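# Observations on chain architecture
Single-letter residue listing:
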Amino acid sequence: MPRNAENFVTKLEELRKLLVVRFPSLDVRSLTEKMSKLAHYHYNKRNFLIMGEDRELYNFLIENSYNPFTVYRWLLLERVPDEIKWQLKNRQISQKRAITLTIERRTETGSSLAADIKSQGMKLIGGM
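Residues numbered from 1 in each chain as written. Predicted model: local features only at pLDDT ≥ 70, side-chain atom pairs only at ≥ 80, totals over all residues. Heavy atoms only, no water.

### A closer look at unusual backbone geometry
Located in the positive-phi region is serine 65, a residue other than glycine, with phi close to 60 degrees. Residue placement: serine 65 occurs in the loop between helix H3 (53-63) and helix H4 (68-77). Its relative accessible area of 69% is what places serine 65 among the exposed residues. Positive phi outside glycine occurs at arginine 91, with the angle close to 60 degrees. In this structure, arginine 91 sits in the loop between helix H5 (82-89) and helix H6 (95-126). Classification of arginine 91 as partly exposed rests on a relative accessible area of 42%. (Helix = DSSP H or I, 4+ residues; strand = E, 2+ residues; numbered from the N terminus. Buried < 20%, exposed > 50% of the residue type's maximum accessible area, 1.4 Å probe, protein only.)

Next up, the structure:
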């Protein structure tokens, strides 16, 4: 894992402060969605078109030496569970692996919940 990976939280906070100053109307809470769009545009410019505030934000990131895909990854890493953050901090797993584990865990939780609901429904129907 890169040496600067451990302080992505600090870099993300610095970027958020810059964004609030430069784009006061930007909703920082929906920043992940916006960064997803900009990150994919960054590597696939032929397939996407960005305009308006998105274009300004993209140019701002590039001018300030921020890779939009890296910023998007930081935003995703911010949402990982604490035990995965601990592994990441102790360099036991990479950033990419941390994101993958988080997505797998969400999927497992959702599918086990769906199975529980289905079984409860079958019990209710069977009891009628």
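### Remarks on the packing of helix H2 (residues 31-43) against H3
Closest axis-to-axis distance for the H2/H3 pair is 11 Å, and the angle between their directions is 65 degrees. The pairing of H2 with H3 is recorded here as roughly perpendicular in orientation. By crossing handedness, the relation of H2 to H3 is classed as right-handed. Across from Lys34, Met35, Lys37, Leu38, Tyr41 and His42 in H2, the residues of H3 making contact are Glu53, Asp54, Arg55, Leu57, Tyr58, Leu61 and Ile62. In terms of residue class, the contact of H2 with H3 is built from seven nonpolar, one polar and five charged. (Axes fitted to C-alpha atoms, helices over the stretch in contact; angles between N-to-C directions. Parallel < 35°, antiparallel > 145°, perpendicular 65-115°, else oblique. Left-handed = near helix turned anticlockwise from the far one by under 90°. Contact = heavy atoms within 4.5 Å. Nonpolar A, V, L, I, M, F, W, Y, C, P; charged D, E, K, R; others polar.)

### Brief notes about the confidence of the model for the protein
Mean pLDDT for the protein: 82, with 91% of residues reaching 70 or above. The lowest-confidence element of the protein is H6, averaging 78 in pLDDT; the highest-confidence one is H3, averaging 92. This stretch, residues 1-5, has a pLDDT under 50; its non-local contacts, to residues over four places away or in other chains, come to nine contacts. (pLDDT = per-residue confidence, 0-100.)

### Section: the packing of aromatic side chains
A complete count under the given rule lists five aromatic pairs for this structure. Look at phenylalanine 23 and phenylalanine 60: their rings are 5.6 Å apart centre to centre, the planes differ by 90 degrees, and that puts the pair in the edge-to-face class. Placement of the pair is phenylalanine 23 in the loop between helix H1 (8-22) and H2 and phenylalanine 60 in helix H3, with a sequence separation of 37 residues. Assigned by exposure class, phenylalanine 23 and phenylalanine 60 land together as buried. (Phe/Tyr/Trp six-rings, centres within 6.5 Å; stacked < 30°, edge-to-face > 60°.)

### Comments concerning the pattern of salt bridges
A complete count under the given rule lists six salt bridges for this structure. In this structure, arginine 16 and glutamate 13 form a salt bridge, with 3.5 Å as the shortest nitrogen-oxygen distance. Within this pair, arginine 16 and its partner glutamate 13 are both found in helix H1, separated by three residues, close to a single helical turn. Given the relative accessible area of 17%, arginine 16 is considered buried. (Salt bridge = Lys/Arg side-chain N within 4 Å of Asp/Glu carboxyl O.)

### Points about the packing of H1 against H3
Relative orientation and spacing of two packed helices are given, respectively, by the angle between their axes and the distance between those axes. Viewed as axis vectors pointing N to C, H1 and H3 meet at an angle of 135 degrees, and their least axial separation amounts to 12 Å. Taken together, H1 and H3 sit at an angle that is classed as oblique. In the crossing of H1 with H3, the sense of the turn from one axis to the other is right-handed. Across the interface between the two elements, Leu15, Leu18, Leu19 and Arg22 from H1 touch Glu56, Leu57, Phe60 and Leu61 from H3. Of the residues in the contact of H1 with H3, the class split is six nonpolar, no polar and two charged.

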